[in-house]
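Reading the structure
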Amino acid sequence: MIRAIENVFDPLDRTRFPVDPWALREVRYDGRDLGVTETLFAVGNGYLGLRGNVEEGRDSHTHGTFVNGFHETWPIRHAEDAYGFAKVGQTILNAPDAKILRIYVDDEPLLLSVADLETYERTLSFADGVLTRELLWRTPSGKRLRIRSRRMVSFAERHLAVLQYEFTMLDADAPVAVSCQILNRQDGQDEYFVQSAAMGEGFDPRRGASLNGRVLQPVLHAVEDQRMTLGYRVTNSGMTLAVAADHFIETTDSYEEVPVISEDLGKYVYRINATEGTTTTITKVVSYHTSRGVPPIELVNRCRRTLDRVKDHEGGPMSGVAAALATQREWLAKFWERSDVEIGGHPELQQAVRWNLFQLAQASARAEGSGVPAKGVTGSGYDGHYFWDTEIYVLPFLTYTSPGIARNALRFRYSMLDAARRRAVELNQRGALFPWRTINGEEASAYYAAGTAQYHIDADIAHAIAQYVAATGDTDFLAREAIDVVVETARLWADLGFWRRGAEGEEFHIHGVTGPDEYTAVVNDNLFTNVMARANLRAAVRDLRELEAADPDAYALAVTRLGISEEEITELARIAEGMHIPYDERLGIHPQDDDFLSKEMWDLPNTPADKRPLLLHYHPLVIYRHQVLKQADVVLALFLQGDEFTLEQKLADFEYYDPLTTGDSTLSAVVQSIIAAEVGYADLADEYFAAACFVDLADLHSNADAGVHVASIGGVWNALVAGFGGFRDYLGVWSFDPRLPRGWDDLRFRVTLHGNRVLVTVRHGEVSFDLETGSADSLEVVVEGSPVTITRGTTTTVPVAGVSRREGRPSVRDIEGAVREDGSVITATVPDHPEMPEEESPDAS
């Protein structure tokens, strides 16, 4: 059900998901969208993630417990192989599931899909980081009991999760059994042979791969006292995992405990003689540890130490659990102090925004030593791979709110540098080529045209490094590690491209690449790639020059490490300034690539809804032959390198490409919102922003069941801060050109600049700044082109004029009929889907 609240897009059923600015609440159970709600109610910390499966385990779409980077490898079998194709696939694994707490009353199991539920409510609190559920169940025999559960994955202790299950018999006595389990779901459906609903779904390249054969090889299993332990080694990747769980019960009723352990299933069963009015609470404290090869017994010892800190807490294990929950609240309080974005007057949007920001914490906070997967740790979509999503969409949020976490993510890329160097050699290039999709640092993209050919990932990583260093002043990281990444990626561009004489002298060209728009592949002079490569080259030269001036010893070490000469630095600078940037004088726009404008346009307004997204209904070659975009490409360049384009160029490019953009990628709406706001399409910016806010909450792309869309979620912050807040950071020059939506009362957000946290409040006609924390007494920013000094202890308020509003939206019809330089006319078409001929019967005469 989609409805409008005061002209605000709100696609949620508010009778089921009521508005709550600090929580996502579900007040009616519905089994028809289990996959989506399992994603929406997942809890995680960037290392460990538990999907929002019900505790009782049987009713599910996709059971999931994920550890970031814990994966299996498998040989990629190409129908027609060729040199340099990716050889080894990588897939995140479903770790043993410790979420299960099955309850039986009078030997009857609770199954939510058929249960008589008098009340039901499930809540994911953004302030507490705890998933709670409360229900009132009338059993088949008519007995009523109240069940409360809590689930938490700790931000403070990255290897720790806490689960509690509490029940009270309300009007009768009954024998009750609670089976606390750890189940290896990766190598089996479950002990009831219930197949995941997700396994029956059809073709969709956005989902994860399935694995054949035994994956988790059992190494050990044990139970002692109330502690249960399982350990595994992964068949091909050699990774290891241990999971351990402590069990505690609080009750005045009599009970017995029955532990059962095997290679793939551990059960700790409580049999309670439950009496009317008595509350029984069962607590399960769980720890997961993984490694690239440490023996499982060592990981078991690590699990023990994690669990012992709770169990041996002063005051006992329940005091330890209470301390863990309190620490979770404290961690999140600090997170929201620096990360919250407040929207005045729209609680439904406020709820969506905070859900998105909370997901960023859950995807990245404790991802030390790993990247940020495209689905975080909420699902197996995209096989748990790391893409450019992190650097372009997630890192801006982390850089300006949690720079320590941003640094960890960039150091992870640095750790992959040697593999990137090897990959460059494999593709006959100098420097380093980072993989398009990976877990272990090796390229795992089987479709090279939309994978390996996206060389722009090198420039994206260099861009994120430049942004981080400018925002934080962390030149130590740049000097010791990041400079190597910046230089090696710059070397790749210098080696990949070539010089050719053009109308205005020699120009540097880059051929045979794919830009962000995957509906146009393997092209020459993709504008996004060239613009970002130029920035990468300039960064390498700038960083080396600045390092030489500021720290000659560190510069000497870098020169030795990298084997770089003065002649090479000079050549990198020459290439940057000679980079060919496509521009069409007749149409007054930047072509997406040298051949893009020669194609006919895809007539999106007349494309049937049942043929969207295009990638699921048309062969790539059909799509490649048209002017049609999966996601913003040139428009993204206008945002990331905005100081390289005039406002008039941005407007012309936006008006040309926006009608050609399908939005089939969740990465697109946020960028379109940012540039729409900048060039004056205010209502369109609002529309794109709202769509991005609800990508997962309303399952707008019909694949939220595979996990959250972390890049789109990061883009929501960008759309708020860079789009409506107008914030830009061009190498440490911080500017604000706010464009508050007309229906909003105000917008409040914080950015951390060189360790100083600034509160920005945007109202209609003005913007205010407060220097909240940090060592600086003042900061210099630019507001609508004029310098402004922010002083500690004083609210600095500046009037703003905003931007002239443009009504409506650009249309394909505005472009159709335009004349190319060769005199041909651009037309708009929809490729036909001819009827398939009927197969002739074998015995037909």
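Please refer to the structure placed before this passage.
Here's what I pulled together on the structure shown here. These numbers were taken from a predicted model, which means no experiment stands behind them.

Ile103, Trp388, Phe689, Leu720, Leu747, Val751 and Phe769 are the most contacted members of the largest nonpolar core, which has 226 residues in total. Once residues lying within four places of it in the same chain are set aside, the contact partners of Phe689 are Ile343, Leu349, Val353, Ser673, Val716, Ala719, Leu720, Phe724 and Trp744. Grouped together as the second largest cluster of nonpolar side chains are 17 residues, Phe248, Val300, Ala324 and Leu325 included.

With that settled, the discussion passes to the environment of Asp822. Positionally, Asp822 belongs in the loop between α19 (812-815) and β35 (828-829). Measuring from C-alpha to C-alpha, the distance between Asp822 and Ser598 comes to 9.4 Å, with 224 residues separating the pair along the chain. Here Ser824 takes part through its side chain, which lies 2.6 Å from a polar atom of the side chain of Asp822.

Contact geometry of helix α9 (residues 475-496) with helix α10 (residues 527-550) gives a least axis separation of 9 Å together with a crossing angle of 135 degrees. Relative to α10, α9 is oriented oblique. Read as a crossing pair, α9 and α10 show a hand that is left-handed. Contacts from Leu478, Ala479, Ile483, Val486, Val487, Thr489, Ala490 and Trp493 of α9 reach α10 at Thr529, Ala533, Asn536, Leu537, Ala539, Ala540, Asp543, Leu544 and Leu547. Looking at the contact of α9 with α10, its residues break down into 13 nonpolar, 3 polar and 1 charged.

With 23 residues, helix α3 (residues 317-339) ought to run about 33 Å at 1.5 Å a step, and its terminal C-alpha atoms sit 33 Å apart, in line with that. For α3, the set of buried residues is Gly320, Val321, Ala324, Leu325, Gln328, Trp331, Leu332, Phe335, Trp336, Arg338 and Ser339.

Right, let's get into the packing of helix α8 (residues 456-472) against α10. As a packed pair, α8 and α10 sit with axes 9 Å apart at the nearest point and diverge in direction by 50 degrees. Taken together, the axes of α8 and α10 lie oblique to each other. With respect to the hand of their crossing, α8 and α10 are arranged in left-handed fashion. Of α10, the residues touching α8 (which contributes His456, Asp458, Ala459, Asp460, Ala462, His463 and Ala466) are Phe528, Thr529, Met532, Ala533, Asn536 and Arg542. Residue composition of the contact of α8 with α10, by class: 6 nonpolar, 4 polar and 3 charged.

Turning to the sheet that holds strand β19 (residues 255-261), a few remarks are in order. Reading across the sheet, the 5 strands line up as β10-β9-β15-β20-β19 and stay open at both edges, with antiparallel pairing between neighbours. In this open sheet, the two edge strands, each paired with only one partner strand, are β10 (108-109) and β19. One ladder, built from 10 bridges, connects strand β15 (residues 174-183) with strand β20 (residues 265-274); its direction is antiparallel. The residue of β20 that forms the bridge with Val178 is Tyr270.

Attention shifts here to the pattern of salt bridges. Applying the stated criterion to the full structure yields 70 salt bridges. A salt bridge links Arg421 to Glu488, with the nearest nitrogen and oxygen atoms 2.7 Å apart. You can see Arg421 sitting in helix α7 (residues 417-426) and its partner Glu488 sitting in helix α9, a full 67 residues away along the chain. Through salt bridges with shared partners, one network takes in Asp418, Arg421, Arg430, Glu488, Arg491 and Glu568.

Rules used in this analysis
- Residues numbered from 1 in each chain as written.
- Predicted model: local features only at pLDDT ≥ 70, side-chain atom pairs only at ≥ 80, totals over all residues.
- Heavy atoms only, no water.
- Core = buried A, V, L, I, M, F, W, Y, C linked by side-chain atoms within 4.5 Å.
- Buried < 20%, exposed > 50% of the residue type's maximum accessible area, 1.4 Å probe, protein only.
- Contact = heavy atoms within 4.5 Å.
- Helix = DSSP H or I, 4+ residues; strand = E, 2+ residues; numbered from the N terminus.
- Polar contact = N/O pair within 3.5 Å; in protein donor to acceptor, adjacent residues only side chain to side chain.
- Axes fitted to C-alpha atoms, helices over the stretch in contact; angles between N-to-C directions.
- Parallel < 35°, antiparallel > 145°, perpendicular 65-115°, else oblique.
- Left-handed = near helix turned anticlockwise from the far one by under 90°.
- Nonpolar A, V, L, I, M, F, W, Y, C, P; charged D, E, K, R; others polar.
- Expected span 1.5 Å × (residues − 1).
- Pairing = 2+ DSSP bridges.
- Salt bridge = Lys/Arg side-chain N within 4 Å of Asp/Glu carboxyl O.

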